Amino acid sequence: MKIAIIGGGAAGFFAAIHASGPGNEVTIFEKSPKILSKVRISGGGRCNVTHQPMEISKLIKNYPRGEKFLKKAFRHFSISDTFKWFESRGVSLKIESDGRVFPITDDSQTIIHALVSEADKLDVKQIRSTGIKDIKQHGDGFDLISEKGHFFFDKVIVAAGGHPNLDSYGFLKSLNHKIVKPIPSLFTFNAPNESIRELMGISMPNAQVKIEGTKLTYQGPVLITHWGISGPAVLKLSAFGAQWLFDHQYQAKAQINWNAELGEGNYLNQILNYSQSHPYRKIYNHPLFEVPSRLWEHFCGKSGIEEGQLFGNLPKKSLNRLVQNLFCYILEVKGKTTFKEEFVTAGGISLEEVNPDTMQSIYHPNLYFAGEVLNLDGITGGFNFQAAWTTGYIAGVSAKL
């Protein structure tokens, strides 16, 4: 039986490995000269393989799209299975304080080597620099049409990754699957008119960012950049708010509480208590709430506080403004910046047309899907790779039968 894998990424390799077996001839088609490109660059070249093990009910909450679909899929192959698979092949994994999982070598090449070695051991063929232009049903099998000729296969697993535009899904046109329009997910917020950009490089470890007028909110580290704001809280918020932000042309007001553990009253009371204890201290020189000094000075300036102002005679109006800048800082967002190398898209093959227990097309019995080509995506932290391992595993095992 001849099985084709379209796409030489994480999901494609995992599908190829698990589709291999006696009597099966498995071939990976990769349109570029390089394989496993995202694996190579992920996590700054360290490869964020997966996340700390958690119950499926908690795991699925990290997927803005595909939650119900993955609830079924993760029963077949979850985070603990990923650990077992890599560690049984000599790859030691470590869990970092934020739950992200990396190879103990801190080198993505370790993951690439494990995948390629396993594929080579199972005689998986690789045909690189060969993009598939069209897939046509031919009896029970499929003709794959490329610029290098036609190839016939009994079964096909599409693991071609996510794409930023609909045209990139053109090779699937003749299969009549519904494609959910792709839009960006995981991006930073641009704020071209905001003076806070001058403080690029400053971060707060646990802020809360909310999109005004919505229920969209996320907390975690926030980083001020030359363009606006970034960091895990912003990236995760962008994933859950991808559709809303796209619909509003990336124009929004972000409300930032710079310490998510504190409420408005906490800020007010702590400033008042400090003012009573240290009335003669200059406000500019004594940042509170573990706010970096330059960011504290920025808040003071926006609150109308003069440089020589003492805590003991802080006007009530300025006090209230300072509390607001700490608790509900308004940032005007105009535009986004996506990670060009590590882009993640919302959109792709409609999940309604794929069986989550087999990754099989509901229209074509010998056609399967895996990875980001499906309309599912996770937030940062290893969740997109976990979806790739899971869907790749299921597609491979199902096609093998």
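As the structure is a prediction and not an experimental result, all values here were calculated from the model. (Residues numbered from 1 in each chain as written. Predicted model: local features only at pLDDT ≥ 70, side-chain atom pairs only at ≥ 80, totals over all residues. Heavy atoms only, no water.)

Draft legend 1. Region of the structure containing the pattern of salt bridges. Inspection of the entire model under this criterion finds 15 salt bridges. The salt bridge partner of E118 is R89, with a shortest N-O separation of 3.2 Å. With E118 in helix 6 (residues 108–121) and R89 in the loop between helix 5 (79–87) and strand 4 (93–95), this residue pair connects regions lying 29 residues apart in the sequence. Looking at E118, the relative accessible area reads 10%, which means it is buried. Its relative accessible area of 33% is what places R89 among the partly exposed residues. Connected through shared salt-bridge partners, R46, K94, E96, D98, R100 and D106 make up one network. (Salt bridge = Lys/Arg side-chain N within 4 Å of Asp/Glu carboxyl O. Helix = DSSP H or I, 4+ residues; strand = E, 2+ residues; numbered from the N terminus. Buried < 20%, exposed > 50% of the residue type's maximum accessible area, 1.4 Å probe, protein only.)

Draft legend 2. Main features of the packing of helix 9 (residues 264–277) against helix 11 (residues 316–327). Following both chains from N to C, one finds helix 9 and helix 11 inclined at 135 degrees, their axes separated by 9 Å at the closest point. Between helix 9 and helix 11, the angle falls in the class oblique. The chirality of how helix 9 crosses helix 11 is right-handed. Touching E264, Y267, L268, I271 and L272 of helix 9 are L319, L322, V323, Q324, L326 and F327, all from helix 11. Residue classes in the contact of helix 9 with helix 11 are distributed as nine nonpolar, one polar and one charged. (Axes fitted to C-alpha atoms, helices over the stretch in contact; angles between N-to-C directions. Parallel < 35°, antiparallel > 145°, perpendicular 65-115°, else oblique. Left-handed = near helix turned anticlockwise from the far one by under 90°. Contact = heavy atoms within 4.5 Å. Nonpolar A, V, L, I, M, F, W, Y, C, P; charged D, E, K, R; others polar.)

Draft legend 3. Structural view of the packing of aromatic side chains. Under the counting rule described, the total for this entry stands at 20 aromatic pairs. Considering the side-chain rings of F14 and F77, the 5.6 Å spacing of their centres and the 70 degrees angle between planes classify their relative orientation as edge-to-face. Placement of the pair is F14 in helix 1 (residues 10–19) and F77 in the loop between helix 4 (67–73) and helix 5, with a sequence separation of 63 residues. Look at F77 and you get buried, because its relative accessible area is 5%. With centroids separated by 5.7 Å and ring planes inclined at 80 degrees, the aromatic side chains of W258 and Y329 adopt a geometry described as edge-to-face. Of this pair, W258 sits in the loop between strand 16 (251–257) and helix 9 while Y329 sits in strand 17 (residues 329–334), and the two are 71 residues apart along the sequence. In this structure an aromatic cluster arises from ring pairing among F14, F77, W85, F86, F385, W389 and Y393. The ring of F153 is capped by K2, whose NZ or CZ atom sits 5.2 Å from the centre of that ring. (Phe/Tyr/Trp six-rings, centres within 6.5 Å; stacked < 30°, edge-to-face > 60°. Lys NZ or Arg CZ within 6 Å of the ring centre and 35° of its normal.)

Draft legend 4. The sheet that holds strand 7 (residues 132–138), seen in detail. The sheet built from three strands is open, its strands ordered 7-8-9 with antiparallel pairing. Of all the strands in the sheet, just strand 7 and strand 9 (149–153) have a single pairing partner and so form its edges. For this sheet, the mean inter-axis angle between neighbouring strands, taken without regard to orientation, is 20 degrees. Note: strand 7 against strand 8 (residues 141–146), six bridges, orientation antiparallel. Paired with D134 across the strands is I145, a residue of strand 8. (Pairing = 2+ DSSP bridges.)

Draft legend 5. Representation of the sheet that holds strand 13 (residues 203–211) in the model. Read across the open sheet, the seven strands follow the order 17-16-13-14-15-12-18; overall the sheet is antiparallel. Edge positions in the open sheet fall to strand 17 and strand 18 (336–338), since each of these has one partner strand only. Ignoring strand direction, the axes of neighbouring strands in this sheet form an average angle of 40 degrees. Across six bridges, strand 16 lies against strand 17 in antiparallel orientation. Looking at strand 17, one finds that I256 is bridged to Y329. Against the sheet, helix 7 (residues 232–240) makes contact with strand 12 (187–190), strand 13, strand 14 (217–224) and strand 15 (228–230), and its axis sits at roughly 135 degrees relative to strand 14, the strand it touches most.

Draft legend 6. Region of the structure containing the nonpolar core. Ranked by internal contacts, the top residues of the largest apolar core, which has 79 residues, are F86, L115, I135, V158 and L374. Every residue in contact with I135, bar those within four places of it in the chain, is listed here: I6, F142, D143, L144, V158, F171, L172, S174 and L175. (Core = buried A, V, L, I, M, F, W, Y, C linked by side-chain atoms within 4.5 Å.)

Draft legend 7. Structural context of unusual backbone geometry. Non-glycine residue L186 carries a positive phi angle of around 60 degrees. When you line up the elements, L186 lands in the loop between strand 11 (179–185) and strand 12. Backbone geometry places M359, a non-glycine residue, at a positive phi of 65 degrees. One can find M359 in the loop between strand 20 (354–355) and strand 21 (360–361).

Draft legend 8. How the structure looks around the side chain of S361. Along the chain, S361 turns up in strand 21. Taking relative accessible area as the criterion, S361 reaches 4% and is therefore assigned buried. Here H177 takes part through its side chain, which lies 2.7 Å from a polar atom of the side chain of S361. Each residue touching S361, except ones within four places of it in the same chain, is listed here: H177, E353, L367 and F369. (Polar contact = N/O pair within 3.5 Å; in protein donor to acceptor, adjacent residues only side chain to side chain.)

Draft legend 9. Representation of the environment of L237. Along the chain, L237 falls in helix 7. As for L237 and H177, which are separated by 60 residues in sequence, their C-alpha atoms are 29 Å apart. Excluding anything up to four places from it in sequence, L237 contacts F189, V209, K210, I211, L216, T217 and Y218.

Everything listed is a geometric property; what it means functionally is a separate question.
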